[in-house]
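Commentary on secondary and tertiary structure
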Amino acid sequence: MKDVELSAAQSGAGTEDDTLYEVRQKIYPRSVSGWFNTWRWVLVWFTQLVFYGLCWLPWNGRQAVLFDLVQRKFYIFGLVFWPQDVFFLAVLLIISAYALFLFTAVGGRLWCGYACPQTVYTEIFLWIEKVIEGDRNARMKLDQATVGGRKIAIKVAKHSAWILVALWTGFTFVGYFTPIKTLMDEVASLQFGPWETFWILFYGLATYGNAGWLREQVCKYMCPYARFQGVMFDPDTLVITYDLERGEPRGPRSKKEDYKASGKGDCVDCGLCVVVCPTGIDIRQGMQYECIGCAACIDACNQVMDKMNYPRGLIRYSTEHAVEEHWGWNDILAHIVRPRVLVYSSILLSIIAAFVWGLATKPALRVDVIRDRTVMAREVEDGAIENLYRLQVMNVSEMEERYVLSVTGLPGIQLVGDAQISVPPATTHTLTVHIRVPADSARRGANPIYFDVKSLNNLKTAVHEKASFIQP
Amino acid sequence: MQRWIWILFPSFAVACLAEFVFFSVIDPQQLYLFGEPVNYSPIATYSICFFGFWLVGMASTVFSVFLQRSPEEINRRQHRSIGHAHRKTVLH
Ligand code: SF4
Ligand code: SF4
């Protein structure tokens, strides 16, 4: 009886999953060589040299690119962003998003196919897989083989190689948030900080999982960009297309056959474009959102076309309009300039201009004046009144600065004590200043006064801050 | 798998955003926990808060995934369990 119940429950669960979720078939993309694949590798090398290398680059005696979370300061080459500059970071994100919009409207999913980290790491992991396990057929055979010494050895080798790459990636990632030299010393002396270790493992695991296991599922089920690209596409966007008119009716034939006479199209139905596809789709069914635009099918089909002595480009980069109207590249290029692109570009250009202007006029010095509320105004010798202020002087520049402080706004107002301070680069200096005013020069209550902080090295660096002086 | 992705991933993305916005305006050293200043290292505070955001997001997506089941599915499930009970009583 138990058995009956169990199997009923199981089959029930089975049908339920079938209706709600498609069952994933493992995809074994066959490796391919060709023009576009070479370009992808160029970009893998470029992006990864930048990613793995940039954190080691020194600049002004510090790491060139460092998002220092502990000090709450972001360094990007000569620029230092403080928490007050978060606006710039937000604008930077908007610029990146807009650039991606514009780029997508013109070039389609070029980003996905060549530069997206998911593509890049999958490419690296696939390469490792190919070196250790072999190409598509060997991998499929290996997975079907019964578990034995050889299979275990191969799988262990592959996963170890993957894990090494993943750990190095995690280490590099964390190295953008804590100085990587310190991190390296910690690793060398086996004294990791617990949280740094945790994040290295976390990012490493994400890399290993995404590039080794999830792969195309990230693009299909996780990536929001893949979902809303339809909004940015128009009939003049560059996409990967199969030339239906030229290819159909598809069918096998011998090389010498006069296939045109027998009414066949150019597609020999070899299925190569399907087996090389990392998302497992058939581009001949038309544009699909799963297509990441990697052009592996173009490379594969061009090989077939070469072998058959047919012209290349049965599958090619083209636009909807171009395929319909039989345009060449000149027409495609001429249609890049169109209202959508103009609107996107002008918005993008204005944001960039505002951003650059903001950066250029970013003050090199910031001053916060806070009246010390714990100490009330007090009377000192000669009946003068004294207020205390806490000054936060932030040297946002990259050089040590000497500043001179002064105060104005009331007759006879004076600053007691040293009026010069020096502040090291990119640091905040907090000091307490005593301001004295003769008894009869201020009204009762709050009186406006002004602090001036001027750099001695650079006369243009000056801040004029308002504060209030309390007369009891 | 897709269900796991739905629960884990959108909440993760939102947690990243929340973390960025929250800590760009709040200094971890200025937080208070049960009336005491938080005295973890900044990295620990960032990390713990991140997981807090993530958990909240996950709770919300679990709820959404739960509510998102279609009527047929819920009915089928009910029928199945009623069917079981029925079968049991008959067989006993
Ligand atoms: S259809 Fe072609 S371009 Fe699209 S993902 Fe598959 S192989 Fe890449
Ligand atoms: S690779 Fe080219 S010829 Fe072969 S099935 Fe695909 S479209 Fe047809």
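Keep in mind that what you see is a predicted model, and the values were worked out from it rather than measured. (Residues numbered from 1 in each chain as written. Chains lettered and ligands numbered in written order. Predicted model: local features only at pLDDT ≥ 70, side-chain atom pairs only at ≥ 80, totals over all residues. Heavy atoms only, no water.)

The next point concerns the site of ligand 1. The environment of ligand 1 is formed by 13 residues, the closest being C277, C291, C294, A295 and C297 of chain A. Taken together, the residues of the shell around ligand 1 break down into eleven nonpolar, two polar and no charged. (Near = heavy atom within 4 Å. Nonpolar A, V, L, I, M, F, W, Y, C, P; charged D, E, K, R; others polar.)

Where charged atoms of side chains with opposite charge meet at close range, the side chains can pair. Residues and elements named next belong to chain A. Applying the stated rule across the entire model yields 22 salt bridges over all chains. The salt bridge partner of E123 is R40, with a shortest N-O separation of 3.4 Å. Placement of the pair is E123 in helix α5 (residues 117-133) and R40 in helix α2 (residues 35-54), with a sequence separation of 83 residues. On the basis of relative accessible area, E123 is assigned to the buried category, the value being 16%. If you follow the salt bridges from partner to partner, you end up with K26, E129, E133, R139, D143, K155, K158 and R215 in one network. (Salt bridge = Lys/Arg side-chain N within 4 Å of Asp/Glu carboxyl O. Helix = DSSP H or I, 4+ residues; strand = E, 2+ residues; numbered from the N terminus. Buried < 20%, exposed > 50% of the residue type's maximum accessible area, 1.4 Å probe, protein only.)

Here we come to helix α9 (residues 194-214) of chain A. Counting along an α-helix, one turn takes 3.6 residues, and residues three or four places apart therefore face a common direction. Here α9 of chain A contains 21 residues, and its C-alpha end-to-end distance of 28 Å stays within 8% of the 30 Å for a straight helix at 1.5 Å per residue. What α9 of chain A keeps buried is the set E196, W199, I200, G204, T207, Y208, G209, A211, G212 and L214 of chain A. Packed against the buried residues of α9 of chain A are α5, α7 (149-174), α8 (180-188) and α10 (216-222) of chain A together with α2 (42-67) of chain B. Once α9 of chain A finishes, R215 of chain A follows within two positions and takes phi at roughly 45 degrees, a positive value. (Expected span 1.5 Å × (residues − 1). Contact = heavy atoms within 4.5 Å.)

Put simply, E248 of chain A and P249 of chain A share a cis peptide bond, and its omega is -10 degrees. With respect to the helices, strands and loops of the structure, P249 of chain A is situated in the loop between α12 (244-247) and α13 (272-275).

Bringing the domain arrangement of chain A into the picture now. Residues and elements named next belong to chain A. Taken domain by domain, chain A holds domain 1 (31-81 + 116-230) and domain 2 (365-471). Look at where the C-alpha atoms of domain 1 and domain 2 centre, and you get two points 51 Å apart. Across the contact, seven residues belong to domain 1 and four residues belong to domain 2. Surface buried jointly by domain 1 and domain 2 totals about 370 Å² across both partners, of which 42% is contributed by carbon and sulfur atoms. Counting the surface domain 1 buries against domain 2, the share from its top three residues, N60, K73 and V80, is 76%. Here R62 ties to E398 by a salt bridge, and the two come within 2.6 Å at their closest N and O atoms. The interface formed by domain 1 and domain 2 includes three residue pairs in polar contact (both at pLDDT 80 or more). (Domains from an automatic or database assignment. Buried area = accessible area lost by both parts, 1.4 Å probe. Polar contact = N/O pair within 3.5 Å; in protein donor to acceptor, adjacent residues only side chain to side chain.)

All told, the structure shown has 41 aromatic pairs over all chains when counted by the stated rule. Centroid distance F51 of chain A to Y176 of chain A: 5.8 Å. Interplanar angle 25 degrees. Geometry classified as stacked. Of this pair, F51 of chain A sits in helix α2 while Y176 of chain A sits in the loop between α7 and α8, and the two are 125 residues apart along the sequence. As far as the burial class goes, F51 of chain A and Y176 of chain A line up, both buried. For the ring pair F22 of chain B and F53 of chain B, a centre distance of 5.6 Å and an interplane angle of 75 degrees mean the geometry is edge-to-face. Of this pair, F22 of chain B sits in helix α1 (residues 2-25) while F53 of chain B sits in helix α2, placing them 31 residues apart in sequence. Its relative accessible area of 26% is what places F22 of chain B among the partly exposed residues. Among the aromatic side chains, those forming a connected cluster through ring pairs are W195, F198, W199 and F202 of chain A together with F9, F12, F50, F51 and W54 of chain B. Against the face of W82 of chain A rests K73 of chain A, its NZ or CZ located 4.9 Å from the ring centre. (Phe/Tyr/Trp six-rings, centres within 6.5 Å; stacked < 30°, edge-to-face > 60°. Lys NZ or Arg CZ within 6 Å of the ring centre and 35° of its normal.)

For the rest of this paragraph, the subject is helix α11 (residues 224-232) of chain A. Residue and element names in this part refer to chain A. Every buried residue of α11 is accounted for by Y225, A226, Q229 and M232. Seen from one end, α11 has its buried residues packed into an arc of 95 degrees, which puts them on one side. Turned more than 90 degrees from where α11 packs its buried face, R227, G230 and V231 sit exposed. Against α3 (86-107), α4 (110-115), α10 and α17 (339-360) lie the buried residues of α11. (Arc of directions from axis to C-beta.)

Residue and element names in this part refer to chain A. The biggest cluster of nonpolar side chains holds 52 residues, and the ones touching the most others in it are I240, I283, A295, I298, I315 and Y317. Per element, the largest residue contribution to this core is eight residues, and it comes from helix α14 (residues 296-308). Beyond its immediate chain neighbours, meaning those up to four positions away, Y317 contacts F36, L110, Y114, L238, V239, I240, G293, A295, I298 and W329. (Core = buried A, V, L, I, M, F, W, Y, C linked by side-chain atoms within 4.5 Å.)

On to the sheet that holds strand β16 (residues 462-471) of chain A. In any sheet, the strands associate via hydrogen bonds between backbone groups, in a parallel or an antiparallel arrangement. All names here are of chain A. Reading across the sheet, the four strands line up as β13-β11-β15-β16 and stay open at both edges, with antiparallel pairing between neighbours. Of all the strands in the sheet, the pair left with one neighbour each is β13 (420-423) and β16. Each strand of the sheet is rotated relative to its neighbour by a mean of 30 degrees, with strand direction disregarded. Across ten bridges, the pairing between strand β15 (residues 445-455) and β16 is antiparallel. Bridging across to β16, I449 finds its partner in A467. (Pairing = 2+ DSSP bridges. Axes fitted to C-alpha atoms, helices over the stretch in contact; angles between N-to-C directions.)

The next subject is the packing of α5 of chain A against helix α6 (residues 136-144) of chain A. Residue and element names in this part refer to chain A. Two elements in contact, α5 and α6, have axes separated by 9 Å at closest approach and are oriented at 70 degrees. The orientation of α5 relative to α6 falls into the category roughly perpendicular. Touching L126, E129, K130 and E133 of α5 are A138, R139 and L142, all from α6. For the contact of α5 with α6, the residue count by class is three nonpolar, no polar and four charged. (Parallel < 35°, antiparallel > 145°, perpendicular 65-115°, else oblique.)

Here the focus is the sheet that holds strand β3 (residues 65-68) of chain A. All names here are of chain A. The strand order β3-β4-β5 describes an open sheet built from three strands, whose pairing is antiparallel. Each edge of the sheet is formed by a strand with only one pairing partner; in this case those strands are β3 and β5 (79-81). Shown here is a sheet whose adjacent strand axes are inclined to one another by a mean of 15 degrees, direction ignored. Where β3 meets strand β4 (residues 73-76), four bridges bridge the pair, whose relative direction is antiparallel. Bridge pairing links V65 to I76 in β4.

We now examine the site of ligand 2. Residues and elements named next belong to chain A. Taken together, Y242, C267, V268, D269, C270, G271, L272, C273, R284, C301, M305 and I315 make up the full set of residues near ligand 2. Elements supplying a minimum of two residues to the shell around ligand 2: α13 and α14. Looking at the shell around ligand 2 residue by residue, the classes come out as nine nonpolar, one polar and two charged.

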